[in-house]
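# Summary of structural features
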Amino acid sequence: MLSFLLIILAAAFFTGIIIRTKSIASGRKGPGLFQPIKDVIRLFKKGTVYSETSSFVFRIAPTIYFSSVFVAMLVVPFGQSKGLISFNGDFIFFAYVLGLGKFFSIIGAMDTGSSFEGMGASREALYSMFAEPAFFILMGSLALLTGHTSFQEIFATLHLGSSITYALGGLAALVFLMIAMIENSRMPLDDPKTHLELTMVHEVMILDNSGFDLGLILTAGYLKFAIYGAIIFNLFSGTISYGYAIPMFLVVQAFLAFVVGMIESFMARFRMNHNAQFIVVLSSVSLLIFFGALLVSGKFI
Amino acid sequence: MNLVWSFILIPFIAICLIPFLQLKGKAIAVYGTVSMIAILTNYLAIQALTGQNFNMTLPGSLISGPINLQIDALSAWFILIINFGFITGGFYGLFYMKTYADQPKNLNLHGILFVLLQASLLSLCAIQNSIAFLIAWEIMALSAFLSIIFEHEKVATIKAGINYLIQSHISILFLMIGFIWVAGKTGSYDFSAIHSYSLAHPGPLSLILFLFFFIGFAIKAGFVPFHTWLPYAHPAAPAHISGIMSGILIKIGIFGILRMLLLIPVNYTAIGSLILIISLISGIYGVMLAILQHNLKKLLAYHSIENIGIIGIGIGLGCIGLGINNPVLSSLGFAGALLHTLNHSLFKSLLFFTAGNVYQATHTLDIEKLGGLVKKMPQTSILFLIAALAICGLPPFNGFISEFILYTGLYNWIHNAQMISLISIVFIVMGLAFIGGLALMCFTKAFGVVFLGNPRHTFHHEVKEVSGFQLAPLYAIAALIIIIGLFPKLFLDLLIKPVQLFTGLQQLPFVAFQGNGLEVLVSVSHASWYLIGLVLILLGLRKWLLRNRTITVMPTWGCGYTAPTAKIQYTASSFVKTYSKLFGMFFLIFKKEKEVQGIFPTDAHLETKPYDKIEKWLIDYPTVNFKLFLDRFRFFQNGKLQFYILYGIIFIILIISIPLLYDKAIQFIEFLKQL
């Protein structure tokens, strides 16, 4: 329950901080922290426009996409407190339920018959395919390290004792951050603010969505960021008491948003065909973590 | 005894009757027979699953000895799968074949073969005698072959059929070697002889014996590199036959492997590792090639290879669990494999049937020519979507449940594995996740291009939804897919007995799931319920919010371009272009290209045809070389009758003289020894 509330709270300001960081870095004042939320509320109040090519798939896809992200959020724990859904192997469910959302966002884009949206859909499918193995290896190594197979138990027993485990935690945080970048289609893989449809990934997929549907898609994006932020925080929270953990959680989330904002301000987007290589690096880093976990657990012979 | 006689008599009478009936009568006779056999065997199967095995001995013949029949829990599980597939597939087939009503002779044969195919598949599950088994196997192979070549006037169909026929006989060859080996050593054709032989000869001998059986069955199941017949045979057959072949026929190979695992207690760790490696390669290779295919049925056929790989991963995990004495791993592995066998038979037959609907409506299976079918065939598209989601292993559908069990097994193995096993676990986990991602890409492509967007091709006939009767069995399959996804416990309870056969433990010890009830899967289904509930609430909310708002329908946003055509849409090839470039080294893609040239370019075209690299190296090269070699003996075939009679005489003399020569040779050796 705690994680649920905290993630929603973090989601409320996460994207705002990114935008603010970017505008300050580029010398502008920028909108308020809660502008993204206001945008979404405005969208929820609007009517909607459908493409004449589209079918029922296009109409239900955003809802299912949002629901999948929302249910994935329920799985994520906060320190010692479980998520609303928690069982052995819940991280498998987490990854696959996000996959369901991705499936629908892809076919939703294909439903409009637009070449641009097809392009975005194809890229999204390709990148998510690469990101998935990394996630599973990472969770596998954490399971090996802790001897548990559910998010909450893994994070609760992940004692960062020796220096090598700190290194592992750092690497794992890096992997999660990179996965978050891929999942949310941010720089350096995708530029959400680019003005050319040809170079977009996620943004081009939702070109034809409007009103309530677009609001759901945007909200799901905000939630996704906060979800990965929460997972990264969980890597280090361990047994810290709530009194410290909750403020720390918010600070970590704000810091992550700041980091994302800085990356987006000072880095150019990769060329599309470099993205695949970047994502393969992810799998290699997670393999590295796996071997680290082997070392720590004394099974490396 | 009566049961067995009725099992033999019902199909026999039906087969004799079918040619003399009217078209409707034929349909009723075929379907009635199929359902009667199904009811009969289901009754025995359910009894076996609840703990009462069916045993019977037929007198058999002088050569084969008494023929034992036995339906244990493993046979029962497969019998249920086979019967469900034939009941739904048969019903679908009745309406699918209506188009061919003007070919009554062809339909006669087809109906007879359909009954034979079911009967032979079912008897394969029960027979415990090698000779009878091989006969049933041959009936199955031949009836499948003749069913495939229903449209035998097409060259591609005949080619595919012959390819299947040859490869399935290679499979029989391996099985025969295995059976004869045992029979030669023990003098008995009963399956129990295999068991006692392997108990008497543990170690490499049993291992090699198992390998013979494994290769034989693996050709049938379609493991890489024995898969090459599959992508030809499935597209060539009529839709209900391809559904049954992919859903059920190839599963008999899985059944055979599982049966032999029970009979031949070999070095389970070694066998498990071997099966794991082959399965992982099958899984990844199958889906990697599936993505490239432009023919919808061929795409689905390659997906069968992938899913056989996933089932194989389960079997491999189960074997390793037995080998390292880890009952949790072994029960999770076998349970995952068996459940995925059922799951795959469901969603794959559903996919083939919907592909059949598409073919009936449009007369093409070329993905690049399709598009926008969702508006004309809404029910078919929803059914295809359900099956596509299930095959990608996404919750809340059945594929997720079996993949979840496999992942749980793998993560459970992590806790008490050492270095080498750990590394292999990582590769399997990576492979499974990779397969999942690729499958997602493949089916978003298939669904997106075939059903969504605008039509890419104008057909000169009306494209319309198939009849409600034809859709009815598809809804039944879809319902079962969802039920397994939402209430997995029901089906896992049925699996307790079959898995016990392997693990030999009293309770399916889902210790990983703590406690006795399959608690985790209950939570999984709860989570799926939350998901469905949330989706429904949001859809309701959306409807309520939008009730008074303005809803406009406009052309798709063309980024300023105002005259888009359907040709502008992303095609299947463009959807996977980046992917095929990235993994180019694994593929063999033939290209026919005419580039745009000059200031006033004339026509230009590009045609790509994906080909199987393994097929090239394993089938095509050897065949070509073998042909070249055999060409040297062409002079024997000179067309003169006298020579042929001479060959016959020489052959007969040789056959007669071999034993004599053998005796002489032995005498000679004895003589040498005396010296």
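All figures in this text were calculated on a predicted structure; none of them were measured in a lab. (Residues numbered from 1 in each chain as written. Chains lettered and ligands numbered in written order. Predicted model: local features only at pLDDT ≥ 70, side-chain atom pairs only at ≥ 80, totals over all residues. Heavy atoms only, no water.)

## Topic: the packing of helix H4 (residues 104-126) of chain B against helix H10 (residues 239-249) of chain B
Residues and elements named next belong to chain B.
- H10 packs onto H4 with a crossing angle of 10 degrees between their chain directions and a minimal axis gap of 13 Å. The angle between H4 and H10 places the two elements in the roughly parallel class. Contacts between H4 and H10 involve His110, Phe114, Leu117 and Leu121 from the first element and His240, Ile241, Ile244, Ile248 and Leu249 from the second.
- A per-class count over the contact of H4 with H10 returns 7 nonpolar, 2 polar and no charged. (Axes fitted to C-alpha atoms, helices over the stretch in contact; angles between N-to-C directions. Helix = DSSP H or I, 4+ residues; strand = E, 2+ residues; numbered from the N terminus. Parallel < 35°, antiparallel > 145°, perpendicular 65-115°, else oblique. Contact = heavy atoms within 4.5 Å. Nonpolar A, V, L, I, M, F, W, Y, C, P; charged D, E, K, R; others polar.)

## Re the domain arrangement of chain B
- Under the domain assignment, chain B is made up of domain 1 (587-593 + 604-632) and domain 2 (636-674).
- Centre-to-centre, using C-alpha coordinates, domain 1 of chain B lies 40 Å away from domain 2 of chain B. (Domains from an automatic or database assignment.)

## A few points about the interface of chain B and chain A
- Taken together, the 80 residues of chain B in the interface contact 80 residues of chain A.
- Buried surface at the junction of chain B and chain A, both sides included, amounts to about 6,800 Å², of which 76% is carbon and sulfur.
- Summed over the three residues of chain B that lose the most area to chain A, namely B:Tyr411, B:Arg542 and B:Tyr570, the buried surface amounts to 10% of that side.
- Put simply, chain B and chain A have 1 salt bridge between them.
- With a shortest N-O distance of 2.7 Å, A:Asp213 and B:Arg542 are connected by a salt bridge.
- Counting the contacts that link chain B with chain A gives 20 residue pairs in polar contact (both at pLDDT 80 or more).
- Where the side of chain B that touches chain A is concerned, the elements lending two or more residues are helix H15 (373-376), helix H16 (378-391), helix H17 (398-415), helix H18 (419-451), helix H21 (519-545), strand E3 (551-554), helix H22 (572-575) and helix H23 (577-582) of chain B.
- The element contributing the most residues to the side of chain B that touches chain A is H18(B), with 19 residues. (Buried area = accessible area lost by both parts, 1.4 Å probe. Salt bridge = Lys/Arg side-chain N within 4 Å of Asp/Glu carboxyl O. Polar contact = N/O pair within 3.5 Å; in protein donor to acceptor, adjacent residues only side chain to side chain.)

## Brief notes about the packing of aromatic side chains
- All chains considered together, the criterion is met by 66 aromatic pairs over all chains.
- Taking the centre distance of 6.1 Å and the plane angle of 65 degrees together, the rings of A:Phe87 and A:Phe93 count as edge-to-face. Taken individually, A:Phe87 and A:Phe93 each receive the classification buried, so the pair is uniform in this respect.
- With 5.0 Å between their ring centres and 75 degrees between their planes, A:Phe91 and B:Tyr411 make a pair best called edge-to-face. Here B:Tyr411 lies in helix H17 and A:Phe91 lies in helix H4 (residues 90-110), a pairing that spans two chains.
- Residue classification places A:Phe91 among the buried positions, given a relative accessible area of 0%.
- In this arrangement the basic side chain of A:Arg59 is found over the ring face of A:Tyr50, its NZ or CZ atom lying 4.0 Å from the centre.
- Over the aromatic face of B:Trp544 sits the side chain of B:Arg547, whose NZ or CZ is 4.6 Å from the ring centroid. (Phe/Tyr/Trp six-rings, centres within 6.5 Å; stacked < 30°, edge-to-face > 60°. Buried < 20%, exposed > 50% of the residue type's maximum accessible area, 1.4 Å probe, protein only. Lys NZ or Arg CZ within 6 Å of the ring centre and 35° of its normal.)

## A word on helix H3 (residues 73-96) of chain B
- Between its first and last C-alpha, H3(B) extends 34 Å over 24 residues, near the 34 Å set by a 1.5 Å rise per residue.
- Burial analysis of H3(B) places 19 of its 24 residues in the buried class, the great majority of the element. (Expected span 1.5 Å × (residues − 1).)

## Side note on the side chain of B:Ser120
All names here are of chain B.
- Counting through the fold element by element, Ser120 comes out in helix H4.
- A polar atom in the side chain of Ser120 sits 3.0 Å from the backbone oxygen of Leu117.
- Setting aside its immediate chain neighbours within four residues, Ser120 contacts Ala136, Ile139, Met140 and Ser143.

## Focus: the pairing of strand E2 (residues 65-71) of chain B
- With 6 bridges connecting them, strand E1 (residues 54-61) of chain B and E2(B) associate as antiparallel partners. Following the sheet pairing, B:Asn55 is matched in E2(B) by B:Gln70. (Pairing = 2+ DSSP bridges.)

## Focus: unusual backbone geometry
Residue and element names in this part refer to chain B.
- A cis amide bond, omega 10 degrees, links Val224 with the succeeding residue Pro225.
- By the secondary structure assignment, Pro225 is in the loop between helix H8 (204-221) and helix H9 (230-236).
- Pro396 follows Pro395 through a cis peptide bond whose omega is 0 degrees.
- Considering the arrangement of structural elements, one finds Pro396 in the loop between H16 and H17.
- Positive phi values are uncommon outside glycine, yet Asn325 reaches one of about 60 degrees.
- For His363, which is not glycine, the phi torsion reads 65 degrees and is therefore positive.
- Looking at the element boundaries, His363 is found in the loop between helix H14 (327-362) and H15.

## Things to note about the environment of B:Ser282
All names here are of chain B.
- Within the fold, Ser282 resides in helix H12 (residues 268-292).
- Along the backbone, Ser282 and Tyr475 are 193 residues apart, and their C-alpha atoms lie at a distance of 30 Å.
- Residues in contact with Ser282, not counting those within four places in the same chain, are Phe223, Val224, Ile305, Glu306 and Gly309.
- Of note is the side chain of Ser282, whose polar atom sits 3.0 Å from the backbone nitrogen of Val224.

## Some thoughts on the pattern of salt bridges
- According to the stated counting rule, one finds 10 salt bridges over all chains in the structure shown.
- In this structure, A:Glu183 and A:Lys224 form a salt bridge, with 3.3 Å as the shortest nitrogen-oxygen distance. In this pair, A:Glu183 is assigned in helix H7 (residues 163-184) and A:Lys224 in helix H9 (residues 211-237), connecting sequence segments 41 residues apart.
- Judged by its relative accessible area of 9%, A:Glu183 falls in the buried class.
- The partner of B:Asp603 in a salt bridge is B:Lys594, with the nearest N and O atoms 3.0 Å apart.

## Remarks on the confidence of the model for chain B
All names here are of chain B.
- When pLDDT is averaged along chain B, the result is 88, and 98% of the positions lie at 70 or above.
- Within chain B, the element-level pLDDT minimum falls on E1, averaging 83, and the maximum on H16, averaging 94.
- For residues 506-517, every residue scores under 50 in pLDDT, and the model assigns this stretch 28 contacts once sequence neighbours within four places are set aside. (pLDDT = per-residue confidence, 0-100.)

## What to know about helix H24 (residues 613-631) of chain B
Residues and elements named next belong to chain B.
- Taking 1.5 Å per residue as the helical rise, H24 with its 19 residues ought to reach 27 Å, and the 26 Å between its terminal C-alpha atoms agrees with that figure.
- Maximum bend of H24: about 30 degrees, positioned at Asp620, with proline Pro622 one to four residues after it.
- The residue sitting at the N-terminus of H24 and contributing the capping side-chain oxygen is Asp612; that oxygen lies 3.2 Å from the backbone nitrogen of Ile614. (Bend = angle between axes of the 7 residues up to and from the residue.)

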